[in-house]
Amino acid sequence: MGNNFAMLLDGFQTVFTPTNLMFGLLGTFLGTLVGVLPGIGPALAIGLLLPITLTVNPTSALIMFAAIFYGAMYGGSTTSILLNTPGESGSVITALEGNKMAKAGRAGAALATAAIGSFVAGTIATILLAFGAPVLAEFALTIQPAGYLSLIILAFATVGTLLGTSRIRGLIALSMGLVIGLVGADLQSGALRLTFGNLNAIDGIETVTVIVAIFALGETLYLASRHTIVQASVMQMNGKAWMTREDFKRSWKPWLRGTAIGFPLGVIPAGGSEVPTFLSYGVEKALSKNKDEFGKGAIEGVAGPEAANNANAAGVLVPMLALGLPTSATAAVVLVAFQSFNIQPGPMLFQTNPEIVWGLIASLFVGNFLLLVLNLPLIRFWVLLLKIPSHYLYAGITTFALLGAYALNNSTFDLQVALVVGVIGFLFRRFGVPITPLIIGAILGPLSELYFKRALQISQGDWGILVAGTFPKVIYGILILVIIGPLVWNFKKTFAVKK
Amino acid sequence: MILNKLSKQGKGELAFASSFFLLGIFVAWDTSKMDIPQDNSIVSPQTFPYMVAAFATLVGFGLMLDVLRGNHGTPDGDEPGDPYTPLNFKTMGIVAVAIGMHVILLEIAGYVIAATVCFWGVAYAFGSRRILKDLLISLVFAFVVYFSFSKGLNINLPSGFFEGILK
């Protein structure tokens, strides 16, 4: 523990060089800028900004990344409060109450409680991350390949079935992601899969291309396919983005409760930011003395879910850094960012690249602080961004997404892939299939195959190893409880109604 | 006769669902045709793809059943507008063509032209009709991106027609 603290201080030392601070500042600015734009969530924002970091040295780039990460989250909450649409699932709740507050002329208070709440939650969650991730990583060193495989399968099951409204549709998305992950040469034997003789496909499909295309191009195609394109109306904001003593009094407990709900649900693969934000909202509504205000613009309904959203995002970084397992689209992009510098997150990361990982954690603190200082005073500038006409906005998003897809390898093949994935993204939106399981499948699919093969190599081909040992048994036990449990419960409920 | 009961959207969704069923079968077929270079590993490179194929086929079938039983997906409604409006293939087609043009033009005509065409096309599809003004904005956007990336960040973008001027 004490050692980790010293490492963290070293991390701060890495961050506090003029160059790295510059990149941190640039990251917060760009992250917020792109995050504020309607239709761009944190995952897409990071994906779009990835090419910018490609030519910078790894440490500075990752520091910039941490800043972009929190910046995009902040930007997103501004949009959901001032526009009458959430834009992404984690902000649905913020939009619900925050927009009502804005309508009642309390936009400033809503923005302030969101920003300060995000700061408080982000800071607490980053502290927990700094001390939790190394412990988890140390434990993870003892996990055997079969254990890893069980963890991945658990992540597949929870991300596939907990997101969205329909279980089967989540699994459809997962299967599509697994198929995308298959494309290319098999790592061990070199056997080619689904390449159709295309030389470019041998290296597989770039994950960043998939992420950028499925969010940006899929969304643009989907909105274009709807008859009318509605320009979302921007709320008026009078006065400063600040809150009164009364607002503060009503906000601080929801911030802490939101953090307590959001962080653990990010660490375990519970499937994105929907669940924690909805839970936090429910808790605040149940505990509030002003229940009648909920649905009409209650500040607790912004403070809690916003804190939960941010703490959740930091929580997701714990398994991402310590196990190398991303369980949200945002974490998936951060993982890809690491990989683009040939750094593999996972239990070894804290030993092989301590300066990078601690620099990253320190810059999460710094980025979070910079945002609080920058964001509220600059609010009027961000509001201007919301007024960009939607036809230029989507034209820009499309063009920029294609740039990102191309710049990675300077290859037109990636652009062709982007077009196809964009069409898939359109179909998914049209038919109510969630996007995240596809991304998780595409990233974790190849990894699951790797652990599967390793496990069977250890056992000389005996499949029994997959469930041997305590750890896999515990994980599969949890899996059965999480997946089968609700099914039985639902069945009982329908049965009871019929009776 | 079951098909008659389905609405137009339902039929589209059924086709969507069956495509996953077919995708699974296709992956299995591709796997069976796989060239295995001197295999002496314990796990064949075919094992995992077969599992994925089986999974895709299974969930594809599951979704087909779900649609046939009348459970339809809820279109994504996080953005403004009514998600249940009928599809407008014209506007969507324009966006797809704009993206396609970018892909084709990039290495033939260079980044600036490809990006201008794409930006302008998407803006047009989204209802903007100020053709000249849009063209100007598209050009400026393409130039700014080209310069900041190729000069500022040393990311190599094809210069195309402007090779002499921009270098």
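Please read all numbers here as calculations on a predicted model, not as lab measurements.

S.K.: Explain the overall build of chain B residue by residue, including any values.
M.R.: Scanning chain B for helices and strands turns up seven helices and zero strands. Listing every helix and strand of chain B by position from the N terminus yields α-α-α-α-α-α-α. Across the 167 residues that make up chain B, the buried fraction comes to 46%. Partitioning the contacts of chain B with sequence separation of at least 6, the portion at a separation of at least 24 is 52%. Of the roughly 8,800 Å² that chain B leaves accessible, carbon and sulfur atoms contribute 67%.

S.K.: Any details on the side chain of A:T330? Residues and values, ideally.
M.R.: Its place among the elements puts A:T330 in helix α13 (residues 329-339). Residues in contact with A:T330, not counting those within four places in the same chain, are A:P42, A:A43, A:I46 and A:F69.

S.K.: I'd love a proper account of helix α7 (residues 145-162) of chain A, names of residues and values included.
M.R.: A rise of 1.5 Å per residue sets the reference length of α7(A), with its 18 residues, at 26 Å; its end C-alpha atoms lie 25 Å apart and thus fit the reference within 8%. With 16 of 18 residues buried, α7(A) lies mostly within the body of the structure.

S.K.: Could you give an account of the interface of chain A and chain B, naming the residues involved and the relevant values?
M.R.: Contacts between the two partners involve 79 residues from chain A and, on the opposite side, 77 residues from chain B. Of the roughly 6,900 Å² buried between chain A and chain B, counting both surfaces, carbon and sulfur atoms make up 73%. Of all residues in chain A, the largest losses of buried area upon contact with chain B belong to A:Y392, A:R430 and A:F431, amounting jointly to 10% of the total for that side. Linking chain A to chain B there are two salt bridges. Here B:D66 makes a salt bridge to A:R169, at a shortest N to O gap of 2.9 Å. At the surface where chain A touches chain B, the tally comes to ten residue pairs in polar contact (both at pLDDT 80 or more). Going through the elements one at a time, α3 (42-53), α8 (167-182), β2 (192-193), α9 (207-225), α17 (390-407), α18 (412-430) and α19 (436-458) of chain A are the ones with two or more residues in the side of chain A that touches chain B. Of all the elements, α17(A) adds the most residues to the side of chain A that touches chain B, at 13 residues. Of the residues in the side of chain A that touches chain B, the class split is 42 nonpolar, 27 polar and ten charged.

S.K.: Mind laying out the packing of helix α11 (residues 274-287) of chain A against helix α12 (residues 300-323) of chain A, listing which residues take part and the relevant values?
M.R.: Residues and elements named next belong to chain A. Look at α11 against α12: their axes get within 8 Å of each other, and the N-to-C directions meet at 150°. Relative to α12, the crossing made by α11 is right-handed. Here P276, T277, S280, Y281 and E284 of α11 come into contact with α12, specifically with E300, G301, G304, P305, A308, N309 and N312. For the contact of α11 with α12, the per-class residue count stands at four nonpolar, six polar and two charged.

S.K.: Outline the pattern of salt bridges, supporting the account with residue identities and numerical values.
M.R.: According to the stated counting rule, one finds eleven salt bridges over all chains in the structure shown. Two residues, A:R106 and A:D247, come together in a salt bridge whose shortest N-O distance is 3.3 Å. Taken as a pair, A:R106 in the loop between α5 (92-103) and α6 (107-140) and A:D247 in helix α10 (residues 245-267) lie far apart in primary sequence, 141 residues in all. A residue is classified by how much of its surface remains accessible, and A:R106, at 29% relative accessible area, is partly exposed. Taking the relative accessible area as the measure of exposure, A:D247 reaches 4% and is therefore buried. Between B:E13 and A:R169 there is a salt bridge whose closest N-O contact spans 3.0 Å. With one member in each of two chains, B:E13 in helix α2 (residues 8-32) and A:R169 in helix α8 form a pair that bridges those chains.

S.K.: With reference to specific residues and values, describe the environment of B:F149.
M.R.: Along the polypeptide, B:F149 turns up in helix α6 (residues 131-152). Given the relative accessible area of 4%, B:F149 is considered buried. Those residues within four positions of B:F149 in sequence are excluded, and the remaining contacts are A:P51, A:I52, A:F400, A:L403, B:N154, B:I155 and B:L157.

S.K.: Give a description of the nonpolar core that names residues and reports values.
M.R.: One finds A:F215, A:F338, A:F428, A:L438 and A:I439 to be the most contacted residues of the largest nonpolar core, which totals 213 residues. The element that contributes the greatest number of residues to this core is α6(A), accounting for 16 residues. The residues contacting A:F428, other than those within four sequence positions of it, are A:A173, A:M176, A:V433, A:P434, A:I435, A:L438, B:F16 and B:F20.

S.K.: Please set out a positive patch on the surface residue by residue, giving values where relevant.
M.R.: All names here are of chain A. A contiguous patch of positive charge on the surface is contributed by R245, K249, K253 and K289. Among the secondary structure elements, R245 is positioned in helix α10. Taking the relative accessible area as the measure of exposure, R245 reaches 74% and is therefore exposed.

S.K.: Describe the packing of aromatic side chains, with residues and values.
M.R.: Under the counting rule described, the total for this entry stands at 28 aromatic pairs over all chains. Plain terms: the ring middles of A:F452 and A:W463 are 5.3 Å apart, the flat faces sit at 75° to each other, and that makes the pair edge-to-face. Of this pair, A:F452 sits in helix α19 while A:W463 sits in the loop between α19 and α20 (470-498), placing them eleven residues apart in sequence. Residue class for A:F452 comes out buried when judged on its relative accessible area of 3%. An aromatic cluster is built from A:F428, A:F431, B:F16 and B:F20, whose rings are joined through pairwise contacts. It is B:R129 that lies over the ring of B:Y124; its NZ or CZ is 3.8 Å from the centre.

S.K.: I'd like a description of helix α16 (residues 379-386) of chain A, backed by residues and values.
M.R.: Residue and element names in this part refer to chain A. Burial in α16 covers these residues: I379, W382, V383, L385 and L386. One face of α16 carries all of its buried residues, which in axial projection span an arc of 150°. On its buried face, α16 sits against α2 (18-36), α4 (58-82), α6 and α15 (354-375).

S.K.: Describe in detail the packing of α19(A) against helix α3 (residues 47-68) of chain B, supporting the description with residues and values.
M.R.: Describing two packed helices takes the angle between their axes plus the distance from one axis to the other. Direction vectors running N to C along α19(A) and α3(B) enclose 130°, while the axes themselves pass 10 Å from each other. Here α19(A) is positioned oblique relative to α3(B), judged by the angle of their axes. The hand of the α19(A)/α3(B) crossing is right-handed. Seen from α19(A), the contacting residues are A:G445, A:S448, A:E449 and A:F452; seen from α3(B), they are B:T47, B:F48, B:P49 and B:M51. Taken together, the residues that form the contact of α19(A) with α3(B) break down as four nonpolar, three polar and one charged.

S.K.: Break down the environment of A:R454 for me, citing the residues and quoting the values.
M.R.: By the element assignment, A:R454 lies in helix α19. For A:R454, a relative accessible area of 38% corresponds to the partly exposed category.

S.K.: Would you mind going over the environment of A:P446 in detail, with residue names and values included?
M.R.: Relative to the helices and strands, A:P446 is located in helix α19. With 160 residues separating them along the chain, A:P446 and A:A286 place their C-alpha atoms 43 Å apart.

S.K.: How would you sum up the confidence of the model for chain B? Please name residues and give values.
M.R.: The predicted coordinates of low-pLDDT regions are not to be read in fine detail. On average, chain B scores 85 in pLDDT, and the residues at 70 or more come to 85%. Interface scoring of the predicted complex returns ipTM 0.91; its pTM is 0.89.

S.K.: Can you explain unusual backbone geometry? Please cite residues and give values.
M.R.: Residue and element names in this part refer to chain A. Of note, the phi angle at L194 is positive, near 50°, even though the residue is not glycine. Within the secondary structure, L194 is located in the loop between β2 and α9. Residue classification places L194 among the buried residues on the basis of a relative accessible area of 9%. Its identity as a non-glycine residue notwithstanding, N342 has a phi of 60°, on the positive side.

Calculation criteria
Residues numbered from 1 in each chain as written. Chains lettered and ligands numbered in written order. Predicted model: local features only at pLDDT ≥ 70, side-chain atom pairs only at ≥ 80, totals over all residues. Heavy atoms only, no water. Helix = DSSP H or I, 4+ residues; strand = E, 2+ residues; numbered from the N terminus. Buried < 20%, exposed > 50% of the residue type's maximum accessible area, 1.4 Å probe, protein only. Contact = heavy atoms within 4.5 Å. Areas by Shrake-Rupley, 256 points an atom, 1.4 Å probe, with all protein chains shown as cover. Expected span 1.5 Å × (residues − 1). Buried area = accessible area lost by both parts, 1.4 Å probe. Salt bridge = Lys/Arg side-chain N within 4 Å of Asp/Glu carboxyl O. Polar contact = N/O pair within 3.5 Å; in protein donor to acceptor, adjacent residues only side chain to side chain. Nonpolar A, V, L, I, M, F, W, Y, C, P; charged D, E, K, R; others polar. Axes fitted to C-alpha atoms, helices over the stretch in contact; angles between N-to-C directions. Left-handed = near helix turned anticlockwise from the far one by under 90°. Core = buried A, V, L, I, M, F, W, Y, C linked by side-chain atoms within 4.5 Å. Patch = residues over 30% accessible without salt bridge, like charges linked within 9 Å, V, L, I, M, F, W, Y side chains within 5 Å. Lys, Arg positive; Asp, Glu negative; His and termini not counted. Charge placed at Lys NZ, Arg CZ, Asp CG, Glu CD. Phe/Tyr/Trp six-rings, centres within 6.5 Å; stacked < 30°, edge-to-face > 60°. Lys NZ or Arg CZ within 6 Å of the ring centre and 35° of its normal. Arc of directions from axis to C-beta. Parallel < 35°, antiparallel > 145°, perpendicular 65-115°, else oblique. pLDDT = per-residue confidence, 0-100.

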